[in-house]
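What follows is the residue order along each chain.
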Amino acid sequence: MGLPNWAKNQAYAVASKPAEGFPSLPPEENKEQVRLMMRAMLGDRFHLRVHAETRQEPLFKLEVARGGVRIKEVDPPVFPAKEGYVGAAMGDREGRLIGKKSTMSGLAAALSTFLERSVVDQTGLKGYYDFDVRWSVPEAPNGQTPSPRFGAEGAGLLITNLQSQFGLRLTKTAGPVKYWVVDHVDPPTDN
């Protein structure tokens, strides 16, 4: 939030590498160190200043449905492998979410993209899972593809399939959603 038009319409490729002797750290520590270095670099090159705001917004809770979860837990990734990301594909009439060694919080993050609303993992499940969720919107009686792309019908089918295939349900609620607000940003300085 708060971006000027030039920042919304202009893309930049940022390449960086750690300084000589950067220590090998456990994944979570490494992730935090990289975040801090990126913040410093963006502050230096773009004069970027941001702050966080939390607002009450509509969201979904991802929960275990009555009858229990029906996704088979798999072995966790072995270091140096990381949690698998949730891959997503969406067409005019169908969609698919595929997870390999993914967590429920990873699934919630992917669902947020499809449903255009934050999804909070409240399943209590801490394991890793493989899953493949598919759905398709039936063809309209006149043979036309549904519009808009994906739309409410596709979202409804995704929600229904999560519950029927995997024993996971999405419940509408409201809660805190964190936003990053841009206070200041300039075009980048030269190298």
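Structure shown above.
A short tour of the structure in this document, coming up. (Residues numbered from 1 in each chain as written. Predicted model: local features only at pLDDT ≥ 70, side-chain atom pairs only at ≥ 80, totals over all residues. Heavy atoms only, no water.)

**What to know about the sheet that holds strand E7 (residues 168-184)**
Sheets are built from strands paired through backbone hydrogen bonds, the pairs being either parallel or antiparallel. Strand order across the open sheet formed by 3 strands is E5-E1-E7, with mixed pairing between neighbours. The open sheet has two edge strands with one neighbour each: strand E5 (119-121) and E7. Direction aside, neighbouring strands of the sheet carry axes that sit 40° apart on average. Inspection of the sheet shows strand E1 (residues 49-64) paired to E5 by 3 bridges, in the parallel sense. The residue of E5 that forms the bridge with Leu62 is Asp121. (Pairing = 2+ DSSP bridges. Helix = DSSP H or I, 4+ residues; strand = E, 2+ residues; numbered from the N terminus. Axes fitted to C-alpha atoms, helices over the stretch in contact; angles between N-to-C directions.)

**A closer look at the pairing of E1**
Pairing of E1 with E7, which is carried by 16 bridges, proceeds in the antiparallel orientation. Looking at the pairing, Lys61 lines up with Thr171 of E7.

**Details of the pattern of salt bridges**
A complete count under the given rule lists 5 salt bridges for this structure. Note that Arg55 and Glu53 form a salt bridge whose closest N and O atoms lie 2.7 Å from each other. Of the residues examined, Arg55 reaches a relative accessible area of 26% and is grouped as partly exposed. Among the ionic pairs, Arg169 bridges to Glu63, the shortest N-O distance being 3.1 Å. Of this pair, Arg169 sits in strand E7 while Glu63 is found in strand E1, placing the two residues 106 residues apart along the sequence. Taking relative accessible area as the criterion, Arg169 reaches 30% and is therefore assigned partly exposed. (Salt bridge = Lys/Arg side-chain N within 4 Å of Asp/Glu carboxyl O. Buried < 20%, exposed > 50% of the residue type's maximum accessible area, 1.4 Å probe, protein only.)

**Overview of the environment of Ala108**
Assignment of secondary structure puts Ala108 in helix H3 (residues 104-115). Remark: the alpha-carbon pair of Ala108 and Leu170, spanning 62 residues in sequence, is separated by 9.7 Å. The contact partners of Ala108, leaving out residues within four places of it in the chain, are Leu62, Val119, Val120 and Asp121. (Contact = heavy atoms within 4.5 Å.)

**Looking at the environment of Arg55**
The topology assignment puts Arg55 in strand E1. Engagement of the side chain of Arg55 in a polar contact is seen with the side chain of Glu53, the distance being 2.7 Å. (Polar contact = N/O pair within 3.5 Å; in protein donor to acceptor, adjacent residues only side chain to side chain.)

**Concerning the packing of aromatic side chains**
Scanning the entire structure with this criterion turns up 1 aromatic pair. With a centroid separation of 5.5 Å and an interplanar angle of 80°, the aromatic rings of Tyr12 and Phe46 are classed as edge-to-face. Pair noted here: Tyr12 is in the loop between helix H1 (5-9) and helix H2 (27-46) and Phe46 is in helix H2, with a separation of 34 residues, a long-range link. Taking the relative accessible area as the measure of exposure, Phe46 reaches 11% and is therefore buried. (Phe/Tyr/Trp six-rings, centres within 6.5 Å; stacked < 30°, edge-to-face > 60°.)

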